[in-house]
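Spelled out, the chains give:
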Amino acid sequence: MTEPLVVGFDLDMTLIDSRPGIAAAFRALSARTGVHVDADAAVARLGPPLRHEIRLWFPPEEVEAAVTEYRGLYPDYAITPSTLLPGAEAAVRTVRDLGGGVVVVTSKLGRLAQLHLDHVGLRADHVVGDLFAEGKATALTAHGVRLYVGDHVADMVAARTAGVPSVGVTTGPCTEEELKDAGADVVLTDLTRFPAALSALLQLAL
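1. A short note on unusual backbone geometry
Next, step 1: Phi is positive for Met-13, close to 65°, though the residue is something other than glycine.
Next, step 2: Within the secondary structure, Met-13 sits in the loop between strand 1 (6-9) and strand 2 (16-17).
Next, step 3: For Ala-133, which is not glycine, the phi torsion reads 50° and is therefore positive.
Next, step 4: Topologically, Ala-133 is positioned in the loop between strand 5 (126-128) and helix 7 (134-142).
Next, step 5: Given the relative accessible area of 9%, Ala-133 is considered buried.

2. Some details on the sheet that holds strand 8 (residues 186-188)
Next, step 1: With parallel pairing, 6 strands are arranged side by side in an open sheet as 5-4-1-6-7-8. Lying at the two open borders of the sheet, with one neighbouring strand each, are strand 5 and strand 8. Direction aside, the axes of adjacent strands within the sheet are offset by 20° on average.
Next, step 2: Alignment of strand 1 against strand 6 (residues 147-150), held across 3 bridges, turns out to be parallel. Its bridge partner lying in strand 6, Val-7 is registered against Leu-147.
Next, step 3: Sitting on the sheet, helix 7 touches strand 4 (101-105), strand 5 and strand 6, and the angle it makes with strand 4 is about 160°.

3. Regarding helix 8 (residues 153-162)
Next, step 1: Turning to helix 8, its buried residues number three or more, namely Ala-154, Asp-155, Met-156, Val-157, Ala-158 and Ala-159.
Next, step 2: Looking at the buried positions of helix 8, the neighbouring elements they touch are helix 7, strand 6, strand 7 (166-169) and helix 9 (176-181).

4. Concerning the packing of helix 1 (residues 19-33) against helix 4 (residues 63-77)
Axes are the key here: two packed helices are described by the angle between their axes and the distance separating the axes.
Next, step 1: Two elements in contact, helix 1 and helix 4, have axes separated by 9 Å at closest approach and are oriented at 130°. As summarised for this structure, helix 1 and helix 4 are arranged oblique, according to the angle between their axes. Every pair of crossing elements has a handedness; the one defined by helix 1 and helix 4 is right-handed. Taken together, the residues of helix 4 that come into contact with helix 1 (itself represented by Gly-21, Ile-22, Ala-24, Ala-25, Phe-26, Ala-28, Leu-29, Arg-32 and Thr-33) are Ala-66, Glu-69, Tyr-70, Leu-73, Tyr-74 and Tyr-77.
Next, step 2: Of the residues contributing to the contact of helix 1 with helix 4, the split by class is 11 nonpolar, 2 polar and 2 charged.

5. With respect to the environment of Lys-180
Next, step 1: Structurally, Lys-180 is set in helix 9.
Next, step 2: Taking C-alpha positions, Lys-180 is 20 Å from Ala-44, a pair spaced 136 residues apart along the chain.

6. Regarding the pattern of salt bridges
Next, step 1: Overall, the coordinates contain 11 salt bridges when judged by the stated rule.
Next, step 2: Two residues, Asp-17 and Arg-19, come together in a salt bridge whose shortest N-O distance is 2.9 Å.
Next, step 3: The buried category is assigned to Asp-17, whose relative accessible area is 13%.
Next, step 4: Look at Arg-19 and you get partly exposed, because its relative accessible area is 36%.
Next, step 5: The salt bridge involving Glu-64 is made with Arg-51; its shortest N-O contact spans 2.8 Å. Of this pair, Glu-64 sits in helix 4 while Arg-51 is found in helix 3 (residues 50-54), placing the two residues 13 residues apart along the sequence.
Next, step 6: Assessed through its relative accessible area of 25%, Arg-51 is described here as partly exposed.
Next, step 7: One network of salt bridges, in which partners are shared, links Asp-10, Lys-136 and Asp-155.

Procedures and definitions
- Residues numbered from 1 in each chain as written.
- Predicted model: local features only at pLDDT ≥ 70, side-chain atom pairs only at ≥ 80, totals over all residues.
- Heavy atoms only, no water.
- Helix = DSSP H or I, 4+ residues; strand = E, 2+ residues; numbered from the N terminus.
- Buried < 20%, exposed > 50% of the residue type's maximum accessible area, 1.4 Å probe, protein only.
- Pairing = 2+ DSSP bridges.
- Axes fitted to C-alpha atoms, helices over the stretch in contact; angles between N-to-C directions.
- Contact = heavy atoms within 4.5 Å.
- Parallel < 35°, antiparallel > 145°, perpendicular 65-115°, else oblique.
- Left-handed = near helix turned anticlockwise from the far one by under 90°.
- Nonpolar A, V, L, I, M, F, W, Y, C, P; charged D, E, K, R; others polar.
- Salt bridge = Lys/Arg side-chain N within 4 Å of Asp/Glu carboxyl O.

By themselves these figures say nothing about function.
And the structure:
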């Protein structure tokens, strides 16, 4: 392999189940602002940037203030309840065992993503946040990512835009069919299947 192995991972619902904590943060936001947010509905569609969800509940002139308020609440409510998804630790370890690097590219702010990784004990060489869909491609290219793993159709768009193979996992809101339609080269039910599949996946990345 002439190029270094660098694998990119999305965060929410790819490496971690952040739904309980995010729901708690939204409920805290409702209590703080008096604006109802259906937390269960919000966590069922994780993937797009925070503002997309906030705009569904707050009038336009209040969106930015609500985003700031939510992010202020986030460390106290959303980090501790997050857990590793099945196979996440082994997937990262497999990349490390091959001498590879790990880059997390997420729509979440990088500093908040790092709090999650610290909590669950995963180490990434780089964490890049506040990017979505085509926007993630910039980070994938900048860090030499050769394979990107995510749970959302937007992650498949990111990989396609960056010109690298993509692996979809159905642990998030998107179905196998949706991920394939968005360009996924391989779709796994979860990351427990990632180590066994990696050799074949790397042939796509050559």
